[in-house]
Amino acid sequence: MRSPVQRTAAITAAIVLNIFCFLFAFCPALAQAVAVPNDFRVRLVSAPLGPPSPRDGPESVEINGAGLASYSLMRVRDEELPAATANLSRDAVARIYKAIQDERFFDLQPLYRDAEVSDGDQAEMTVTAGGRTFKVRTVNMRVGAFDRIANAIDRELPPERRVKYNALQPTIDYRSVER
Amino acid sequence: MTFGRLSGRAKVLSAMARWTAICAALLIGTSGVAQAQTKVIRDGECAITIIIPIEFYSQEPIFSDTVHKIKNQIERAWNGPTTEMIDHIAARADGIQKSETRTGAPAEYRATDRPKLNQLYRDFMKLMGGNPNCATVNCCQICVIADVRLRMGDDAPKTPGYHQIELKPDKDKDGKWVRSYVRRYQLLGGPQSTSGTGVWNAEDDYWPAWAHESGHLMGLPDHYHDSTDENGNTISIGDEGHANDIMNRNLAWPTENDFKEILKIAGIDITNCCKDPTRYIEVVNRELRTSYTAINSCNPDDINRQIAVLTAQRASIVPDNITLPVKYDLINSIDIQIANLKNALENCQPPRIIEITYQTIKIGIDAVGSCDRDLVQEVMLKLDAERVQIAANRSLGADEKFDALSAIDTMKARLEKALQDCPPKEAFTVYTGFEGGIWCTYGFGIPLPISLVPGDDVPAKVDQPNSSQYDVFRPTTIERMPVPAKADQRRTPLSELFDTNVPDTPKLPPVGDTPNVPSQTPETPKIPTAEKTPDAPKAPGTPKTPDTSKTPDTPKAPDTPPPTTTTEKPAPIPDTIFVKASEAVLQGGQTSTPLGGQNVKLFPPNKPDLPGTGIKTAQDTGFNKDPVECKTGADGSCEMKVDRNDRPYYRLPGRYGRPNNYRMGVDLPRKDGGVAELPKDGPSPGKPELPPGTNAIDDTFKIGDRTFMRLAFTFPYGPNIDFHPLYTPFLKGYETDYCRDKQPGPPLDAQPEPPRAIDNGLPSGTVKLHRAASRARGR
C-alpha cells in the first residue's frame, strides 16, 4: 500500500508525462521549429499585370527566420495601409517553413504562365534557406504547390496584410497544375 | 446563387444595340470578324462600325446599371480621340505635362489631365462639325458599339456570338482586389467559344480596365512588358511608343495602329480618305508669317487684311478632309494668330497715323513759334493729307477720330494765323515757266525762280469769317465706332496739345514755354512673335496731359461726329498774280518792250503727287487741278488766278480770309536752238565764244548708234545772232532750228497716252510716234 503522498506524487508524474507525451506526439510543428534554418527568408509578392492603378500596385510580405514580417504598402477596400513590420511567433515561422518543405518549393519551375490570358495578375515567391535561394513566379495560373505555400503564409498574417492574387480566388477559371 | 436584374430602359437599350448589330451585319455587304464575336462592318469607303457583343453574368447580385457603365466607358474610350490626336492637343494646351510614374516607364500623361484633354478634343470636334462620338483615323469615321447584355444566372444558356464575361466584386472577403482579365484563346483562328472569356471587376469605375479589356475582345494584344521595380518586384511597363496607348494602360487612348490592327484582323484595309495636307500647311504657314509682319507693323489695314485671309483659310480647312491632328494644328495656329491680330488691333491703338499727326502738330507748334513761313505751309500740307487718312480710318473710335480732326483743324487755323501775322518777305520766290507761241521760242521745261511782289490792291469782297478755310479735304462719313472699353488706356486727346503756352503769334516762343508735350514719340507696342501673345502689350506711353482748363482755343468736341453732308458754297476769291513780260535786253541797253504771246505757268516747288490709281477719292492726297497759267497779251501782261486753297503748293503766303494780289515782272530772253550729229568715237567737240548775255544749254541723245547734240540758247533782245556760223567749225552739219508757227500733228501720228490726257493740264501724257508708212515701205 502506498501512502497518500506517494499516490499523489505518482498521479502528478503521470499527468506531466501524459502532457509531455501529448505535446510531443500531436505538435510536430513545435518539434520542427527548431529545424528552421538561420538564414530562412521568404518573400511573397502579388502584382497586377497590365494597366496599373494607384489603388492596386504590387503588395508584398517578407518574413525571416526570426519571425520579423515586413509588409509593403497595401490597400484594403478603400483604406491604404502603410508599410509596416510585425513579429510572428517561431511556431508560425516553423509552419511556413514546413509548408515550403512539404510542397518541395525548390523543385518547382521558376515560371508558370497561361499565355492565353491577358492582364490579370501574378504572384512571385522567393525563398532562401540552407544557403539556397529560389524564385518562382506564377502568372494567371493555379499552381497547387505554390498556392498552398501562399495560403500557409497568409494564414499566419492578419487578414488585411494577406497577399492575395487571382489564382487564390476559388471561382476564377484559371488553368490549374499541381506543380 | 446567381442574380441578374435589368431595368426596363436597359432592356430596351440592350435590345436596340443587338438589333443594330444584326441589321448592320445583314445589310452591309462587307464585314469581318476581328475577334471571335466582334464584328467589323464597313459602312462606306470612309465609315466603319465595330460591334463588340458582350454578355455578362455573375455569381453575385449585379445590377444593370453596372453593365451600362461598362458600355459607356468602352464607347467613350474607343470613340474619342486617338493617342496621336491627344499628342497634338497636349502640345498646344497649357499645363499639360507628361510624367514618369514608374521606374523605367515611358512618360505618360497625368490621369488628372485626361478630362481636360478629352474636353479639348470634344470642343474641337464640335467646332469642326465632326462626330465626337466616333473615332477618326485617316479621315475615316470608326464607331465602336459595345453591344452588352446581362445573362440571367450562371446556369442560364449562353447567347451565341457573345463574349462571356463574368463580373466579380472588385474585392474579395479580405478586401483585396480581383484583377480583371480576358482569356484570348479564340485569337489567331482558335476555336470559337462562348464560355468564360474573362472576368472583370464589377465596380471598377475609379480606374476601370473595361475599355482596355474590350481591346482584347477586339483582338488586340497588350502593349506592355515585364520589368523589375526598385524593390525587385516584377511589374508591367509600357512598350516603347505605347506609353499612352490604351492597350498599355486603361487611362490612355487608342492609337491609330490599334484601329488598323483591329481592321487587319477582320481582313479590312483602312482607307486613307485624307487629302495631302502639304498645300494647306504651306499656305497657312505663309500667311501666319505674314501675319507677324502685319502685327509688328501695327497697321490696321494690314492687320484686318490678315484677319480676313486667315479667317477664309480657316473656313476652307474646317470641312476638308485633312488628317485630324494636322487639321487641329492648322486651326489652332490660325486661331492663335487671329487672336494675336485682334490683340494687335486693340493694343496698337492709337494707330500709327495718330502718332504721325501727333508729331506733325508738334512741328506745327514749332513752326508757329519760329515764324518759318515755309515750314508753316509745309505743315499745313502735311496736316491736310493726314486729315484725309484719319477721316478714312475705320479702326479709330469716333471720339478719338473727332479729337484728331479737331486738333488738325485747330492747328491749321493757327498756322494760317501765323502766316497772316508773320511779316511776309517783300518778295517771294515762285517758280515759273515761260514759252512762246512759236516753236523757236519754246522754253526748255525748266521752271525759273521769279520774284513775286505783294500788291496793294485788295478786292472789296471778303469771305465770311466762319467759312471753312479748306474745301478740298472734307471729313468723310465718320461711323460711330464703339468707344474703347478701357478708357484709362486712351491716349491724351490730340486737341489737348494746345494750351495757353502755345504761341498764338510768332512773337512768342520762349523755349521754356513750349507746349507741355512729351519729347519723344511713344513707341508703338510690338506684338511678340511667339506663337501666342500672352498678355496685351501696354498701351503706348501717354503724353503728359495739360490742364484742359487752359485750352480756350481748343474746340470742344461735340457729342456727334462732324456733319457729313456738304452744301455748295461759292468759291472763294482767288489770289491774283499780275504778270508783266518784257523783252530782256542787255544791261545798259534800251528800255525793254512788252512781250506778248508768252504762256506763263506757275510751278509748285515740289511736284505734288498725281492722283493714284485704285485709291478712293477721299484718300487721294495728290493734286488734281490744272496748273495756274496765263498768256501775255500784246502789252505783255496777263493775270494768273491762284485758288487760296492751293497757296501752300506754290509757297504763296496764306492770309486768313482774304485774297492777295501780287506782281510779277519778268524780262524774257530770246530763244534759239540747233542740233548736230557727233562723230563716232571722236573727241568732245569744242565750244565757240558766245556774245555777251547769251547762255547755251547742250544735251546729247542717241538714235540707234548715232549720237546727236541738242543746243538751246537764250540771249537778250537786240541785234540778231546767227549761231550757225559760230557752231559749224565745232559741230559738222550743225542745223539751226526752223522758226515757224505751231502746226497740228497728222492724225494718229502723235497722240497722248492715255487719250484722255489731252484734257489734262499736267504734263502726264505719253506721246507715241508712229513711223511714216512710206518710209517703212522703202526699207
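Residues numbered from 1 in each chain as written. Chains lettered and ligands numbered in written order. Predicted model: local features only at pLDDT ≥ 70, side-chain atom pairs only at ≥ 80, totals over all residues. Heavy atoms only, no water.

1. Points about the overall build of chain A
Condition: Where helices and strands are cited, they refer to DSSP runs of H or I of at least four residues and of E of at least two residues respectively, numbered from the N terminus. Burial classes: relative accessible area under 20% of the type maximum marks a residue as buried, over 50% as exposed, and values in between as partly exposed (1.4 Å probe, protein chains only). The contact criterion used is simple: two residues touch if any of their non-hydrogen atoms lie within 4.5 Å. Computed with a 1.4 Å probe, the accessible areas rest on the Shrake-Rupley method; for each residue, only the protein chains presented here act as cover.
Each helix and strand counted, chain A has four helices and twelve strands in total. Counting all 179 residues of chain A, 50% fall into the buried class. Taking the intrachain contacts of chain A between residues at least 6 apart in sequence as the baseline, contacts between residues at least 24 apart amount to 61%. By element, 58% of the accessible surface of chain A is carried by carbon and sulfur atoms, the whole surface being about 8900 Å².

2. Thoughts on the interface of chain B and chain A
Quick note on the threshold: Each of two parts loses accessible area, computed with a 1.4 Å probe, when they are put together; buried area is these two losses added. Here a salt bridge means any side-chain nitrogen of Lys or Arg lying within 4 Å of a carboxyl oxygen belonging to Asp or Glu. Whenever two N or O atoms come within 3.5 Å, that pair is a polar contact, provided that in protein one can donate a hydrogen and the other can accept it, and provided that, for residues adjacent in sequence, both atoms are side-chain atoms. Amino acids are sorted into nonpolar (Ala, Val, Leu, Ile, Met, Phe, Trp, Tyr, Cys and Pro), charged (Asp, Glu, Lys and Arg) and polar (every other residue, Gly among them). In this scheme, strands are said to pair when DSSP sees at least two bridges between them.
Counting residues at the interface gives 39 residues for chain B, matched by 46 residues for chain A. Broken down residue by residue, the surface that chain B buries against chain A is led by B:Lys176, B:Trp177 and B:Arg179, which jointly contribute 23%. Here chain B and chain A share four salt bridges between them. Among the ionic pairs, A:Asp114 bridges to B:Arg183, the shortest N-O distance being 2.7 Å. Between chain B and chain A we count 17 residue pairs in polar contact (both at pLDDT 80 or more) in total. Contributions of two or more residues to the side of chain B that touches chain A are made by strand S8 (163-168), strand S9 (181-183), helix H5 (210-217), strand S11 (224-228) and strand S12 (234-238) of chain B. Looking at the side of chain B that touches chain A, its residues break down into ten nonpolar, 13 polar and 16 charged. As paired elements, strand S8 (residues 117-119) of chain A and S9(B) share three bridges and run antiparallel to each other. Bridging from a neighbouring strand, A:Asp119 pairs with B:Tyr181 of S9(B).

3. Considering the packing of aromatic side chains
Where two aromatic rings form a pair, the distance of their centres and the angle of their planes describe that pair. Keep this limit in mind: Working definition: a ring pair exists when centres of Phe, Tyr or Trp rings (six-membered ring for Trp) sit within 6.5 Å. Plane angles under 30 degrees give stacked, over 60 give edge-to-face, the rest tilted. Cation placement over rings: the criterion is NZ of Lys or CZ of Arg within 6 Å of the ring centroid and within 35° of the ring normal.
If you walk through the whole model with that rule in mind, you get 15 aromatic pairs over all chains. Where A:Phe146 meets A:Tyr165, the ring centres are 6.3 Å apart and the plane angle is 65 degrees; that geometry is what we call edge-to-face. Taken together, the residues span a long stretch of sequence, with A:Phe146 in helix H4 (residues 144-155) and A:Tyr165 in the loop between H4 and strand S12 (176-177) at a distance of 19 residues. Accessibility assignment for this pair places A:Phe146 and A:Tyr165 in one class, buried. An aromatic cluster of three or more residues is present, and its members are B:Phe713, B:Phe715, B:Phe723, B:Tyr727 and B:Tyr734. The ring of B:Tyr57 carries the charged tip of B:Arg151 above its face, separated from the ring centre by 4.4 Å.

4. Observations regarding the pairing of S11(B)
All names here are of chain B. As paired strands, S11 and S12 are joined by five bridges and run antiparallel to one another. Across the sheet, residue aspartate 226 finds its bridge partner in S12, namely serine 236. In this structure, the hairpin formed by S11 and S12 is closed by a connection of five residues, where glycine 232 is found at a positive phi of approximately 85 degrees.

5. Describing the state of the cysteines
Residue and element names in this part refer to chain B. This is how the line gets drawn: For this text, the term disulfide refers to a pair of cysteine sulfurs within 2.5 Å.
On inspection of all chains with the given rule, the structure shows four disulfides over all chains. Between cysteine 46 and cysteine 273 runs a disulfide, and the two sulfur atoms are separated by 1.6 Å. Measuring the twist about the S-S bond at about -95 degrees, one finds the cysteine 46-cysteine 273 disulfide to be left-handed. Highlighted residues: cysteine 46 in the loop between strand S2 (38-44) and strand S3 (47-57) and cysteine 273 in the loop between helix H6 (256-265) and helix H7 (278-297), separated in sequence by 227 residues. Relative accessible area serves as the criterion here: at 26%, cysteine 46 is assigned to the partly exposed category. Under the relative-accessibility criterion, cysteine 273 is labelled buried at 13%.

6. Some details on the environment of B:Tyr280
Here B:Tyr280 lies in helix H7. Separated by 42 residues in the primary sequence, B:Tyr280 and B:Ile322 have C-alpha atoms spaced 9.0 Å apart.

7. Structural notes on the pattern of salt bridges
Overall, the coordinates contain 28 salt bridges over all chains when judged by the stated rule. Here A:Arg175 and A:Asp114 are joined by a salt bridge, their closest N and O atoms 3.7 Å apart. Placement of A:Arg175 in the loop between H4 and S12 and of A:Asp114 in the loop between strand S7 (111-113) and S8 is noted, with a sequence separation of 61 residues between them. Residue A:Arg175 is classed as partly exposed on the basis of its relative accessible area, which comes to 42%. What emerges from the salt-bridge pattern is a single network uniting A:Asp114, A:Glu116, A:Arg175 and B:Arg183.

8. Considering the sheet that holds strand S23 (residues 735-736) of chain B
Residues and elements named next belong to chain B. Pairing within the open sheet is antiparallel, and its four strands lie in the order S21-S22-S20-S23. Whereas interior strands pair on both sides, the edge strands pair on one side only; in this sheet they are strand S21 (695-703) and S23. Pairing of S21 with strand S22 (residues 706-715), which is carried by nine bridges, proceeds in the antiparallel orientation. By the bridge assignment for S22, isoleucine 703 is matched with arginine 706.

9. Regarding H7(B)
Residue and element names in this part refer to chain B. Rules: Each helix should span, by expectation, one fewer than its residue count multiplied by 1.5 Å.
If you check H7, its first and last C-alpha atoms are 29 Å apart, about what 20 residues at 1.5 Å a residue would give, namely 28 Å. Within H7, the full set of buried residues consists of Tyr280, Val283, Val284, Glu287, Leu288, Ser291, Tyr292, Ala294 and Ile295. In this structure, the buried side of H7 is in contact with helix H8 (300-317) and helix H9 (324-347). Note on H7: the residue one or two positions beyond its end, cysteine 298, has a positive phi of about 60 degrees.

10. A short note on the packing of helix H10 (residues 352-370) of chain B against helix H12 (residues 398-421) of chain B
Residues and elements named next belong to chain B. So the rule is basically this: Between N-to-C directions, angles cover 0 to 180 degrees, with each direction set by a line fitted to C-alpha atoms, over the stretch in contact for helices. Every angle not falling under 35 degrees, over 145, or within 65 to 115 is termed oblique; those three ranges are roughly parallel, roughly antiparallel and roughly perpendicular. Rotating anticlockwise by less than a right angle from the far helix to the near helix defines a left-handed crossing, while the corresponding clockwise rotation defines a right-handed one.
Where H10 contacts H12, the two axes come as close as 10 Å, and the packing angle between them is 20 degrees. By the criterion of interaxial angle, the relationship of H10 to H12 is roughly parallel. In this structure, H10 meets H12 at a crossing whose hand is left-handed. Between H10, through Ile354, Thr357, Ile361, Gly364, Ile365 and Val368, and H12, the contact on the second element is made entirely by Ala404, Ala407, Ile408, Met411, Arg414, Leu415 and Ala418. Partitioned by chemical class, the residues of the contact of H10 with H12 number ten nonpolar, two polar and one charged.

11. Things to note about H4(A)
Residues and elements named next belong to chain A. Along its twelve residues, H4 runs 16 Å from first to last C-alpha, staying within 8% of the 16 Å computed at 1.5 Å per residue. With nine of twelve residues buried, H4 is to be regarded as a mostly interior element. Every buried residue of H4 is accounted for by Gly144, Ala145, Phe146, Asp147, Ile149, Ala150, Ala152, Ile153 and Asp154.

12. Focus on the pairing of strand S10 (residues 132-139) of chain A
Of the pairings in the sheet, the one linking S7(A) to S10(A) comprises three bridges and is parallel in character. Within the sheet, the bridge partner assigned to A:Leu111 lies in S10(A) and is A:Arg137.

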